[in-house]
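Descriptive analysis of the structure
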Amino acid sequence: MLPLIRRPGDKALAEKEAVQEKKRLEEQTMADSKKILEMIRQMARVIEEHKDELTQLDQPIGDSDHGINMARGFQAVEQKLPGLEGKDIGTILKTVGMTLVSTVGGASGPLYGTAFMKAGMEAAGLTQLDLEGFLKLMDAAEAGVAQRGKAAEGEATMLDAMIPSLNAMKKAKEAGEGTAQVLQAGAAAAWAGAEHTKDLIATKGRASYVGERGLGHQDPGATSYSYLLETIAKAYS
């Protein structure tokens, strides 16, 4: 029997195929209901951890309560999670959204609540989610926030983190990147967008009342969104 002869390029080809297969499997099984619940629990911990920071960001341009309100809302969400074990992803996300609407004060409750509820509507009946499905959920969330807030990119709102992050994730996916890389690209773009709100004059919400005096201050909503997307990205790093 002749010995197996390996050509120099065989190993590189095999490694490339292994990476491609890993990406394919990641995209097929990005998350199930259990994974979604785990990420929401982690989101609650992250918001609690950064509660004071988010509130301080809100002091010069808002009601000085963004971090406090978000933490209260996610504490209420966390209390609902045990009853959502075994439920489909759509039900989980819609429950999160309704809870945030009813417990988070100011504009953040309706905006974040709408984002989760619109994503939940898109995920109705699903028990598993692939990368393509996740991006559709994010599309629905972004459209919901834009409609509810009557806002667009460039007005120093959470959309200035949401829209660039979604565009970056779509671009990364089109380039053939796997789930982890797509989410990392999204988180990086979200943080860049949040930072950019320092250079924008707010035209929506309480921040619009201070006009040019708001320059140099980072939007708290864009910041909290960046923390949430970063939390999702870290779940795959």
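Please read all numbers here as calculations on a predicted model, not as lab measurements.

Remarks on the overall build of the chain
- Each helix and strand counted, the chain has 10 helices and 2 strands in total.
- Beginning at the N terminus, the succession of helices and strands in the chain can be written as α-β-α-α-α-α-α-β-α-α-α-α.
- Residues classed as buried in the chain amount to 46% of the 237 residues present.
- Of all intrachain contacts in the chain linking residues separated by at least 6 positions in sequence, the fraction that spans at least 24 positions is 72%.
- On the chain, roughly 12,000 Å² of surface is accessible, and the fraction owed to carbon and sulfur atoms is 53%.

Focus: the pattern of salt bridges
- Evaluated as defined, the whole model comprises 6 salt bridges.
- For Arg41, the salt bridge goes to Glu85, with nearest N and O atoms at 2.9 Å. You can see Arg41 sitting in helix H2 (residues 33-49) and its partner Glu85 sitting in the loop between helix H4 (66-80) and helix H5 (89-103), a full 44 residues away along the chain.
- For Glu85, a relative accessible area of 44% corresponds to the partly exposed category.
- One salt bridge connects Lys170 with Asp139, and the closest N-O pair in it is separated by 3.0 Å. Here Lys170, found in helix H8 (residues 159-174), pairs with Asp139, found in helix H7 (residues 131-149); they are 31 residues apart in sequence, far enough to count as distant.

Points about the packing of aromatic side chains
- Enumeration according to the criterion identifies 2 aromatic pairs in this entry.
- Relative to Phe116, the ring of Phe74 has its centre 6.5 Å away and its plane inclined at 70°; by these criteria the two rings are edge-to-face. Placement of Phe74 in helix H4 and of Phe116 in helix H6 (residues 108-122) is noted, with a sequence separation of 42 residues between them. Each member of the pair, Phe74 as well as Phe116, carries the same accessibility label: buried.

Points about the nonpolar core
- In this structure, Phe74, Leu93, Phe134 and Met169 are the most contacted members of the largest nonpolar core, which totals 61 residues.
- Those residues in contact with Phe74 that sit more than four places away from it in its chain are Met43, Ala44, Ile47, Leu100, Phe116 and Leu228.

Here we look at the packing of H2 against H4
- Closest axis-to-axis distance for the H2/H4 pair is 9 Å, and the angle between their directions is 150°. Of the possible angle classes, the one that applies to H2 and H4 is roughly antiparallel. Here the hand of the crossing between H2 and H4 comes out left-handed. Contacts between H2 and H4 involve Ile40, Arg41, Met43, Ala44, Arg45, Ile47 and Glu48 from the former and Met70, Ala71, Phe74, Gln75, Val77 and Glu78 from the latter.
- Along the lines of polarity and charge, the residues of the contact of H2 with H4 split into 8 nonpolar, 1 polar and 4 charged.

Notes on helix H9 (residues 179-196)
- Here H9 is 18 residues long and its end C-alpha atoms lie 26 Å apart, about the 26 Å a rise of 1.5 Å per residue gives.
- Those residues of H9 not exposed but buried are Thr179, Ala180, Val182, Leu183, Gly186, Ala187, Ala189, Ala190, Gly193 and Ala194.

Things to note about the packing of H4 against H5
- Between H4 and H5, whose axes approach to 9 Å, the crossing angle comes to 140°. The angle between H4 and H5 falls in the class oblique. Judged by the twist between their axes, the crossing of H4 over H5 is right-handed. Contacts between H4 and H5 involve Arg72, Gly73, Phe74, Ala76, Val77 and Lys80 from the former and Val96, Thr99, Leu100 and Thr103 from the latter.
- By residue class, the composition of the contact of H4 with H5 is 5 nonpolar, 3 polar and 2 charged.

What counts, and at which threshold
- Residues numbered from 1 in each chain as written.
- Predicted model: local features only at pLDDT ≥ 70, side-chain atom pairs only at ≥ 80, totals over all residues.
- Heavy atoms only, no water.
- Helix = DSSP H or I, 4+ residues; strand = E, 2+ residues; numbered from the N terminus.
- Buried < 20%, exposed > 50% of the residue type's maximum accessible area, 1.4 Å probe, protein only.
- Contact = heavy atoms within 4.5 Å.
- Areas by Shrake-Rupley, 256 points an atom, 1.4 Å probe, with all protein chains shown as cover.
- Salt bridge = Lys/Arg side-chain N within 4 Å of Asp/Glu carboxyl O.
- Phe/Tyr/Trp six-rings, centres within 6.5 Å; stacked < 30°, edge-to-face > 60°.
- Core = buried A, V, L, I, M, F, W, Y, C linked by side-chain atoms within 4.5 Å.
- Axes fitted to C-alpha atoms, helices over the stretch in contact; angles between N-to-C directions.
- Parallel < 35°, antiparallel > 145°, perpendicular 65-115°, else oblique.
- Left-handed = near helix turned anticlockwise from the far one by under 90°.
- Nonpolar A, V, L, I, M, F, W, Y, C, P; charged D, E, K, R; others polar.
- Expected span 1.5 Å × (residues − 1).

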